[in-house]
Each structure stands twice: as C-alpha cells, then as structure tokens.
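Fold and contact review
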Amino acid sequence: MAGGWSRDGAVSEQIEASISDELARMKARRAPVGESLTHCAECEEEIPEARRVALPGVKLCLDCQQERDGAFKTRGGINRRGSKDSQLK
Ligand SMILES: [Zn+2]
C-alpha cells in the first residue's frame, strides 16, 4: 500500500517536471528578449503596467500586438468562418 503512494508521487513529480520544462521553453520562445517598454515601440502609446507584468519584455501595446498577430489570426479566422458557414448551410 505504502509503495503505491510513493510510486504515484514519483509519477506526478515527473509530470510536473516535464510541464514546467515545457512552460519554460514556451516562455523562452514567446517572450521578447530584454526589458518591458513603458511605451509602445510602434505607436508610443503607454503600455499598461498589468500588461508589462504579464508579458515580460513586452515591446508593443495591445493594439499594435493584435495588429501584428492579425496576419496569422485572420487567416485562421477566415478558414474557421468558412467551415462554420458551410455547416449552417
Ligand atoms: Zn502601439
């Protein structure tokens, strides 16, 4: 019985380790290098502190970031909308 408990613990420890490892990798890939800017690099709009804290190294305000992401999201959105329409019809 006791052996079962320790095995469970070891497994969840392994899972946690791989998750935090994965998170660290994702963060390293996503986060821009350097310090957060207080003002947007594109439009010089002030970047809210909450955004700077949430996204360390952030360089753009929300509007500019969305515009930059838009090129990718719009493509997915059009595809999704297209399949939705065909489902409705
Ligand atoms: Zn901006």
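So, how was this worked out
- Residues numbered from 1 in each chain as written.
- Predicted model: local features only at pLDDT ≥ 70, side-chain atom pairs only at ≥ 80, totals over all residues.
- Heavy atoms only, no water.
- UniProt positions renumbered as here; feature names shortened; annotations may be inferred.
- Helix = DSSP H or I, 4+ residues; strand = E, 2+ residues; numbered from the N terminus.
- Contact = heavy atoms within 4.5 Å.
- Polar contact = N/O pair within 3.5 Å; in protein donor to acceptor, adjacent residues only side chain to side chain.
- Core = buried A, V, L, I, M, F, W, Y, C linked by side-chain atoms within 4.5 Å.
- Buried < 20%, exposed > 50% of the residue type's maximum accessible area, 1.4 Å probe, protein only.
- Donors = N, O, S within 2.8 Å, 3.2 Å for Na, K, Ca; no water.
- Tetrahedral: all angles 85-135°; square planar, octahedral: opposite > 155°, others 65-115°.

The next subject is the UniProt feature "domain: Zinc finger DksA/TraR C4-type" (unreviewed entry) in the chain. According to UniProt, the feature "domain: Zinc finger DksA/TraR C4-type" (unreviewed entry) maps to residues 38-68 in the numbering used here. Between the C-alpha atoms that bound residues 38-68 the distance is 19 Å, and the span itself is 42% helix and 0% strand.

The backbone phi angle of Glu44 is positive, close to 65 degrees, even though this residue is not glycine. Topologically, Glu44 is positioned in the loop between α1 (2-30) and α2 (49-54).

Our next topic: the environment of His39. Counting through the fold element by element, His39 comes out in the loop between α1 and α2. The sequence separation of His39 and Arg52 amounts to 13 residues, and the corresponding C-alpha distance is 9.9 Å. Dropping the residues within four chain positions of it, His39 is found in contact with Glu44, Glu45, Glu46, Ile47 and Lys59. Here Thr38 takes part through its side chain, which lies 3.0 Å from a polar atom of the side chain of His39.

With that out of the way, let us pick up the nonpolar core. Cys40, Ile47, Val58, Leu60, Cys61 and Cys64 form the largest nonpolar core, which has 6 residues in total. Excluding residues within four positions of it along the chain, Cys64 makes contact with Cys40, Glu42 and Cys43.

Ideal geometry at a metal centre gives angles of 109.5 degrees when four donors are arranged tetrahedrally and 90 or 180 degrees when six donors are arranged octahedrally. Surrounding the zinc ion are the protein donor atoms Cys40 (SG), Cys43 (SG), Cys61 (SG) and Cys64 (SG), which sit 2.3 Å from the metal. Coordination geometry of the zinc ion: the 4 donor atoms subtend angles of 103 to 115 degrees at the metal centre, consistent with an arrangement described as tetrahedral. Sequence positions of the donors to the zinc ion reduce to the motif C-x2-C-x17-C-x2-C. Taken as a pair, Cys43 in the loop between α1 and α2 and Cys64 in helix α3 (residues 62-88) lie far apart in primary sequence, 21 residues in all. Exposure remark for Cys43: the relative accessible area of 41% places this residue in the partly exposed category.

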